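Chain residues, written in single-letter form:
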Amino acid sequence: MARILFKNASEVVTPQGVTLQKGAKMADLLVIPGGFVLTKDGTIEAVGDAKALESVDVTDCQVIDCTGKTILPGLVDSHTHFIFGGYRENEFNWRLNGESYVSIMERGGGISATTTATRATDLDEFLALGRKRLASFASHGVTTVEGKSGYGLDLETELRQLEAMARLNQEHHIRIVPTYMGAHDLPPEFKGRPDEYIDFCIREVMPKVRAKDLAVFCDIFTERGVFDLAQTRRYLEAAREMGFGLRMHADELFEGFGGAELAGALKTSSADHLLKISEAGIAALEQGGVCATLLPLTAFSIKADYAPARRMIDAGVGVALATDMNPGSCYSESMPLLIALSTIYMGMRMEEVVTALTLNGAAALNLAEETGSLEVGKRADVAVFDVPNHRFLTYHFGVNECVLTMSGGRIVHQRPGAF
Ligand code: NIG
Ligand code: FE
């Protein structure tokens, strides 16, 4: 792999470090006017200003002139469900007509509709759909994407979703971090028997996922009417025992369920959604060092109140932002819309959003030592935006300004005519 030099950027912008950035630290970015980033063999070799570049030997480099553009670390989308069959545009229209996400779920739509369609989707189709969706993530500057199973809910389909991600990981240069999410919903075969279904996940599925090395994390939908706290604890403790990292969908739909409190007690890598988090839940995340992964596109799509990002950051919590791209509650991978919502409606500063979409997303996936910032030795994950500084990413809202994405040293997206 050649050495590639991105130079003359109007700004190189990055958080710094190898751990979750909490509270006030989230706004602490390194901003280098006129900066450069040099990559070699998939790794960042040097970063600095024009003066520092003078002492670097650049004779054999491929040069990308970034005049007028801003360079960020490659974005990390740390919560998605991008491998699924079928679509639910009908439900979206019912919601436009006033029906709620919960009432659609209660009358058999929602996740179970996608489960039926996903069970009927074969591996080749997952691969074809997955390629298209990965290209779209890449076009938004994303270099690492988490992907969950959880639309099969039976052994074969869960393994097929995960197998699809493993294959895509071989052929595509965006890194995929796979999560087993058997406990996403109760499948029809286990109606009225959630404890037995949790047993099935623990005894029949998790060991096979482990043996084939198909997932890094296990995730569960902890919510009234889905899986309760005792079931969550049992599922996640078994997962931890088998060597998986832990994450939770918590406090999305109903108040006072205690999901975040449990995430704090279990010290999961991440607790996600948190629209209805309590003050005790915020304190528990802070004490447990748990990343709060907020998903504003979902709140927007289901017309719910946004997660209290400002209160969490002010309480010292480390926040990540992700899309939650899925066919039901949030069929969008739009980073520009996510940035607009988190700054305009959630009280986050653009600097905090940069950290939330890079280093903290990486930390939520236990990858902060490898990616999430532009620092020597980290993976060459780079996103270039056609804006004069990072504040334009919210000011010019709703417009995708990403013109180049490099993942692991390879260019996976480049807008024609941008350079
Ligand atoms: O993260 N909340 C649970 N799971 C998904 C929604 C899945 C769906 O509606 O298909 C989420 O929003
Ligand atoms: Fe989700």
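Computed from a prediction, not measured in an experiment: that's the story for all the values here.

**Student:** Sorry, what's going on with the overall build of the chain here?
**Tutor:** When its secondary structure is counted, the chain shows 16 helices and 18 strands. Projected onto its principal axes, the C-alpha positions of the chain cover 70 × 45 × 45 Å. The buried share among the 419 residues of the chain stands at 61%. Of the charged side chains in the chain, 40 are positive and 54 negative; the average position of the first set lies 1 Å away from that of the second.

**Student:** Can you help me understand the pattern of salt bridges in this one?
**Tutor:** Pairing between side chains of opposite charge can happen when their charged atoms approach one another. What the rule picks out here adds up to 25 salt bridges. Across the pair E146 and K148 runs a salt bridge whose closest N-O atoms are separated by 2.8 Å. Take E146 and K148: they sit in the same class, and that class is buried. The partner of R310 in a salt bridge is E352, with the nearest N and O atoms 2.8 Å apart. Taken together, the residues R310 in helix α12 (residues 309-314) and E352 in helix α14 (residues 350-357) connect sequence positions 42 residues apart.

**Student:** Hey, could you run me through the site of ligand 1 in this one?
**Tutor:** Taken together, the neighbourhood of ligand 1 is formed by 15 residues, with R88, Y101, Y151, E252 and S329 sitting nearest. Separating an oxygen atom of ligand 1 from a side-chain N or O atom of D324 is a distance of 2.8 Å. Tallied by class, the residues present in the shell around ligand 1 amount to 4 nonpolar, 8 polar and 3 charged.

**Student:** I tried to follow helix α4 (residues 111-119) on my own but got confused; where do I start?
**Tutor:** Quick reminder: α-helices carry 3.6 residues per turn. Residues three or four places apart thus point the same way. Along α4, the residues classified as buried are I111, T114, T115 and T118. Around the axis of α4, the buried residues are gathered within 110° of arc, so they sit on the same side. Lining the buried residues of α4 we find α3 (101-106), α5 (123-139), α6 (155-171) and β11 (217-222).

**Student:** Just to check I follow, could you spell out the sheet that holds strand β2 (residues 11-14) for this structure?
**Tutor:** Adjacent strands of a sheet pair through backbone hydrogen bonds, lying either parallel or antiparallel. Read across the open sheet, the 6 strands follow the order β3-β2-β7-β16-β17-β18; overall the sheet is mixed. For this open sheet the edge positions go to β3 (30-33) and β18 (410-414), each flanked by a neighbour on one side alone. Between one strand axis and the next, the sheet turns through 15° on average, direction left out of account. Here β2 pairs with β3 via 4 bridges, running antiparallel. Looking at β3, one finds that V13 is bridged to V31.

**Student:** Mind showing me how you'd approach the sheet that holds β11 here?
**Tutor:** Taken in spatial order, the 8 strands make up an open sheet running β8-β9-β10-β11-β12-β13-β14-β15, and their pairing is parallel. Because the sheet does not close on itself, it has two edges, and the strands there are β8 (75-77) and β15 (319-321). Taken pair by pair, the neighbouring strands of this sheet meet at an average axis angle of 25°, ignoring direction. Relative to β15, strand β14 (residues 291-294) runs parallel, the two being bridged by 3 bridges. Residue pairing for β15: T293 is matched across the bridge by A320.

**Student:** Could you clarify how one ought to interpret the domain arrangement of the chain in this entry?
**Tutor:** Put simply, an interface is often sized by how much accessible area is lost when its parts join up. For the chain, the assigned domains read domain 1 (4-72 + 374-414) and domain 2 (76-364). Of note, the centres of domain 1 and domain 2, computed from C-alpha atoms alone, are 29 Å apart. Between domain 1 and domain 2, the contact holds 35 residues from the first and 34 residues from the second. When the two sides are added together, the surface that domain 1 and domain 2 hide from each other amounts to roughly 2700 Å², 68% of it contributed by carbon and sulfur. Contact with domain 2 buries surface across domain 1, with L20, M26 and T394 losing the most and accounting together for 24% of the total. Counting the contacts that link domain 1 with domain 2 gives 1 salt bridge.

**Student:** Looking at this structure, I do not really get the coordination of the iron ion (ligand 2). What am I missing?
**Tutor:** Angles at a metal have ideal values that depend on geometry: 109.5 degrees with four tetrahedral donors, 90 or 180 degrees with six octahedral donors. Distances from the iron ion (ligand 2) to its protein donors, namely H79 (NE2), H81 (NE2), H249 (NE2) and D324 (OD), fall within the range 2.1 to 2.3 Å. In primary sequence terms, the donor set of the iron ion (ligand 2) follows H-x1-H-x167-H-x74-D. Residue H79 is located in the loop between β8 and α2 (89-96), and its partner H249 is located in strand β12 (residues 245-250); the two are separated by 170 residues in the primary sequence. Of the residues examined, H79 reaches a relative accessible area of 0% and is grouped as buried. A residue is classified by how much of its surface remains accessible, and H249, at 2% relative accessible area, is buried.

**Student:** Mind showing me how you'd approach unusual backbone geometry here?
**Tutor:** A positive phi angle is found at N8, which is not glycine, with a value near 65°. Relative to the helices and strands, N8 is located in the loop between β1 (3-7) and β2. For N8, a relative accessible area of 38% gives the class partly exposed. The phi dihedral of H273 is positive, around 85°, even though this residue is not glycine. You can see H273 is positioned in strand β13 (residues 270-273). Overall, the relative accessible area of 2% leaves H273 in the buried class.

Quick notes on the rules
- Residues numbered from 1 in each chain as written.
- Chains lettered and ligands numbered in written order.
- Predicted model: local features only at pLDDT ≥ 70, side-chain atom pairs only at ≥ 80, totals over all residues.
- Heavy atoms only, no water.
- Helix = DSSP H or I, 4+ residues; strand = E, 2+ residues; numbered from the N terminus.
- Buried < 20%, exposed > 50% of the residue type's maximum accessible area, 1.4 Å probe, protein only.
- Lys, Arg positive; Asp, Glu negative; His and termini not counted.
- Charge placed at Lys NZ, Arg CZ, Asp CG, Glu CD.
- Salt bridge = Lys/Arg side-chain N within 4 Å of Asp/Glu carboxyl O.
- Near = heavy atom within 4 Å.
- Polar contact = N/O pair within 3.5 Å; in protein donor to acceptor, adjacent residues only side chain to side chain.
- Nonpolar A, V, L, I, M, F, W, Y, C, P; charged D, E, K, R; others polar.
- Arc of directions from axis to C-beta.
- Contact = heavy atoms within 4.5 Å.
- Pairing = 2+ DSSP bridges.
- Axes fitted to C-alpha atoms, helices over the stretch in contact; angles between N-to-C directions.
- Domains from an automatic or database assignment.
- Buried area = accessible area lost by both parts, 1.4 Å probe.
- Donors = N, O, S within 2.8 Å, 3.2 Å for Na, K, Ca; no water.

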